[in-house]
Structure formats: structure tokens, C-alpha cells
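Understanding the architecture of this molecule
Here is how the chains run, residue by residue.
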Amino acid sequence: MAANMYRVGDYVYFENSSSNPYLIRRIEELNKTANGNVEAKVVCFYRRRDISNSLIMLADKHAKEVEEESETTNEADLTDKQKHQLKHRELFLSRQYESLPATHIRGKCSVALLNETESVLSYLDKEDTFFYSLVYDPSLKTLLADKGEIRVGPRYQADVPDMLAEGELDDREQAKLEVKVWDPDSPLTDRQIDQFLVVARAVGTFARALDCSSSVRQPSLHMSAAAASRDITLFHAMDTLHKHNYDLSSAISVLVPLGGPVLCRDEMEEWSASEASLFEEALEKYGKDFNDIRQDFLPWKSLTSIIEYYYMWKTTDRYVQQKRLKAAEAESKLKQVYIPTYNKPNPNQLSSNNGKPGAVNGAMGASYQTQTSLIGRACESCYATQSHQWYSWGPPNMQCRLCASCWIYWKKYGGLKMPTQTEEEKLSPCQTTEDPRIRTHMSRQATQGTPVRNTGSPKSAVKTRQAFFLHTTCLTKLARQVCKNTLRLRQAARRPFVPINCAAIRAEYADRHCEIVGSPLKIKSTRKPLSCIIGYLEIHPAMKPNVVRSMPSLQTPAAKRLLATPNHSSRSILGKRNYSHHNGLDERSCCISD
């Protein structure tokens, strides 16, 4: 019962495809729709297989830096299998929200911020446990360090100097270390200090009455008095008293100079109503992420000003009203939902019903494969040959399968249990993946260090079968020339997956073979050697064309130039001579008789 009860804040598996791994999400809200269904507003987490290769390289670089500074188990001490499975446990947090049906929940998991003081093996020892250290922005395609990380480690520790011995003087310059702003041993009593603070508040109230902008913001007297009683007025009064060596008469004269009373404002008074509205909207979206609030909503404000305004805003009635409103909304929303265990059969299960062949990966037609024909095929991950249930995995033409335990691992962690040989490992030690020619031929899985066939997508571009060389016979070459009308090579090249009717081509070739046997067959002319061309030119020297030039006269128009062209044969469409014309070869020499 408790395992099937899901609450706000739980990390859960969501299934959006029967063949792809689960989605990992955190439940933020549970809302009931108009038709009675329950939808969950969730925060998205991404796996390594969901981001690009360049971001994966950046994540590996960040992990290496963290590993060098940590004092826990290094990655070099892990086995290849542990390194392979550890990459399946890494996630990337995002600020993206989405709504998914609650009926697609398939179980609970645990996601935690990477603890640098804890061994990475602790994540492998626990089932359904993941970690994250970076934040992924799917719109900008960027990776950033999480601002909420726990700053634990040697780089965050202060350098504590040695303790001074008894009687040893401190040679440090105290003025550079701290500034004294108040002396508790002053000659004034507490009553005198309180009286001076009352005078400072009164001066602040009078100054707001004289200021036009303050009269608009605090139209009533009690609002002006409340604003004058803030900490900014008290801090100014105590600082003035300390600077004048706690002399009340001189300090009061500074509060009310010749130009009029001193007006001290804090961030609550400096901000306008529109700026306060923008801040509340940004706080609703980003929470206490003040850097994002300043960047997206209030770029003209300093970070110090935004933080100071936030803590002053929490003391106002506006904050109390919003807190009560959110509490009322939370009471009306669902706090938990019961989802029964999903026990429907998976479409990827390999089984035969009533003697009919089961479809592999849901493919129909030519992709039929019976369960008996896969008896000798082992699991693609653990290479086991026996399992109580088999699941088809990968593209349909590969006809791969996983055992029951490896299938569960694939759905939860998005990879195979055992590491397989990747294209990156096949490279020689002298070659590196920095070569763009090599990198373009490497798959994403090879760059990530995950199995080559670890895609789960039916459109896998990785070759998993042994390559072959297709050697055409002489009869095939002749058929291309004889049966052009039936073949239609240009149309066949546009549709490479449509089979060619070989029987029709064979019948046409047999009919036309009898006609071609008695007649010579013309083939393309081959380039003759240079010696033959030179010998031919010595016997048949080139003749200069006779140019007939006529003098133009006033009575007759100018005659065109007449060119005496050797009568070889017809030119091409563009009016240019072909190769046989230039080399002095006759087309009859290009004919080959049987």
C-alpha cells in the first residue's frame, strides 16, 4: 500500500514508451482534471544519453575536477563494469516543468545531490539511486553547476593560523581586518541612547512629510512613522553617535543640518510598485535564485539590493498574505495519490500465440520472427541463454533481445549492464578522437563510453553486422545496358528499399540476347595511350582551316567569317567535338564484334 502511494516531492519513474527507458521526474503538484483524472506537475531530470556529446565532454571534465579535489574513492580504482554502470546513475537537473498523467508512474526512485565526501560506490550499492551535480538547460543546451551545492571539501575550508602563545603580540594590522562601529563601553546610559533614537525617528518622520515622493508612497502619518522606525534610521542614528564620540549635542546637530532633516531610505522605500510586482513574479518562478531573478527580471538592480529587499519584504503584510494564500491553495490540492501496480504485458515481450509468430519490436510483415528461431540467441547484455521471459531490444532488423533482469536494468537506468566494445576502443593508441574525420564516424554511444547498441531507438545508425563487398558479375553489367527500360536505375536509386523484379529483367535479357548475338555491341570508348595518338597525328597532320575574308563595302553588308571545317561527323549538342574527334578516331574503331 505505501509503495503505491505517491506524494508531492517523491522521485518517480514515468513511462512514455514501451521500448525506451523510464523518465525520471520529481512530483511538484498533483492536480485533478475536469474529467476526474490526476495529472502530476513534475521537474525533469535528464540522462547522459539525452544530451549532446559536447556537453558530455564538459560533464566529464567537471567530474574529473571534482575527483581530483575529493578524498574519496577515485574513478581509477573502479573496474570497467563499475565505471560503465556509474554513468547510468548520473542525472542532470533542469528547471523545466511538465504535466504527465499520474497513471504513467511505474515506481519510486531516489535522486540526491552528489556528495563529494561520500564514495561513488554507495550509489551503485543501492537500487534505484541516482545523483546529479550539474543543471541542464534544454532550451539553451548548456550545463551549469548547481547553485545549491553543499560546499564541503578542502577548497571551502578556511586557513586557520596558529594560536598565539601567552604574552605574544598580534603583529597583524587590525584596521585591515575589522572596523569598529559601536563601543558598548560608551559614557552614555541606555536611557540616553533610547532618547536619541526617538529623536532620530521623529526627524525621519518629519523628513518624509517634507519629501514629495515619500508623501505619495506613505500618504498617512502612521505609514511615514512606520517607515522612519525601520533599521536604516536606527543604524544611521547609532553610526552618527559613534562618529561624534557619543556627544549628544553634536550628533543631534548632524541629524538636522542647515538644509533640512536627513532622510534615510531603505530598499523597501526605494523600489517602486512595478518593481515590487516584478520581484514577486520572479520569486514565484525561480525561488531564492537571486542571480536568475536579477538576470531575467531586474537587470538594473544590484544583487545586494535584491537580497536586501527580499529579507525586508518577508517582514511585510504582503508576504504574510501570499503565504496564507499559498497555504489555502495547498489545502485544496491533492497531497498524495494511489497508483496500482502496472501489470499489463509489455509489447516488447517475445511470445507466440496459437502457433502464430510473434512480432519482434512490434514490427509486422517481413519482420516476423518466431520464438523458436531465437532459441540460440543470447542476451545482448549479460549473454545469458536462459530466461523466464525475453524482450526484443533495439531496431527490428537487428533482432536483438534481453533477458528479464537486463530488461529491467535497461528500463530503469537507460543502458546495458555489461560494457561492450565500442568504436573508441577499436582505435589504435596513436589515434585520438580529436580528429574530425574519426569523430564523425563515431556514434554518440562510443563517445560517451556506453555500448554501441545502447540506443533503444529503432532508427539506430550504428552498423552491428559484419560489412560485406558486393562484386557484380559480367552478366549483371550487361543487363544494366540491355534492360535499361525495365531497370530504371535512376528511379530505383531514389527508392533503395523497394526490391527490383529480377525475374522480369532475366526474361527480358533472355529475349534480347538472341537479337544481340549477331550484331556488334557498342561500348564506351576507352582512352587510347599517348603513343598511339602521337603516331596517328604524325600520319595525319592537322590541316589549318581556310579563312575567307571579304572587304566590306558601302553597298553590301559585312560578310560573315566562313570557316572550312573538316568533315568528321556531327558535333554534340553544345557544338563541341567529342574525344574521338580530337584524337582523330573513327567511331567504327570503337565497335567490338563477337
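None of the values given here were measured: they were computed from a predicted structure.

Some thoughts on the pattern of salt bridges
For the coordinates displayed, the defined rule picks out 14 salt bridges. For Lys301, the salt bridge identified is with Glu275, shortest N-O distance 3.3 Å. One end of the pair, Lys301, is in the loop between helix H12 (290–296) and helix H13 (303–313); the other, Glu275, is in helix H11 (residues 273–286), with 26 residues separating them in the sequence. By relative accessible area, which is 13% here, Lys301 ends up buried. With a closest N to O distance of 3.1 Å, Glu284 and Lys326 form a salt bridge. Residue Glu284 is found in helix H11, and its partner Lys326 is found in helix H14 (residues 317–332); the two are separated by 42 residues along the sequence. Overall, Glu284 belongs to the exposed group, its relative accessible area being 55%. One continuous salt-bridge network, built from bridges that share partners, spans Glu15, Arg106 and Lys411.

Some details on the side chain of Gln85
Along the polypeptide, Gln85 turns up in helix H2 (residues 80–88). Take Gln85: its relative accessible area is 16%, and that puts it in the buried class.

Observations concerning the pairing of strand S7 (residues 129–137)
For S7, the tally of buried residues reaches 8 of 9 residues, placing the bulk of the element in the interior. Both strand S5 (residues 90–101) and S7 contribute to a ladder of 3 bridges, which runs parallel. For Leu93, the partnering residue across the bridge sits in S7 and is Val135. As judged from the 4 bridges shared by strand S6 (residues 105–113) and S7, these two strands associate in the parallel manner.

Some details on the environment of Leu78
As for its position among the elements, Leu78 is in the loop between helix H1 (53–69) and H2. Classification of Leu78 by relative accessible area gives buried; the value is 7%.

What to know about the packing of aromatic side chains
Inspection of every chain in the model, using the stated rule, returns 21 aromatic pairs. A ring pair is formed by Phe130 and Tyr413, whose centres lie 5.6 Å apart and whose planes are at 45°; its orientation type is tilted. Note that Phe130 is positioned in strand S7 and Tyr413 in helix H15 (residues 404–413), a separation of 283 residues in sequence. Phe130 sits in the buried class, given a relative accessible area of 0%. Residues Tyr391 and Trp407 carry aromatic rings whose centres are separated by 4.8 Å and whose planes lie at 5° to one another, so their mutual orientation is stacked. Of this pair, Tyr391 sits in strand S10 (residues 390–393) while Trp407 sits in helix H15; the two residues are 16 residues apart in sequence, bridging distant segments of the chain. Here Tyr391 matches Trp407 in class, with each residue buried. Every member of this aromatic cluster is reached through a ring pair, and the members are Trp271, Phe279, Phe290, Tyr309, Tyr310, Tyr311, Trp313 and Tyr319. Taking NZ or CZ as reference, Arg106 lies 3.7 Å from the ring centre of Tyr342, over its face.

Conventions and cut-offs
Residues numbered from 1 in each chain as written. Predicted model: local features only at pLDDT ≥ 70, side-chain atom pairs only at ≥ 80, totals over all residues. Heavy atoms only, no water. Salt bridge = Lys/Arg side-chain N within 4 Å of Asp/Glu carboxyl O. Helix = DSSP H or I, 4+ residues; strand = E, 2+ residues; numbered from the N terminus. Buried < 20%, exposed > 50% of the residue type's maximum accessible area, 1.4 Å probe, protein only. Pairing = 2+ DSSP bridges. Phe/Tyr/Trp six-rings, centres within 6.5 Å; stacked < 30°, edge-to-face > 60°. Lys NZ or Arg CZ within 6 Å of the ring centre and 35° of its normal.

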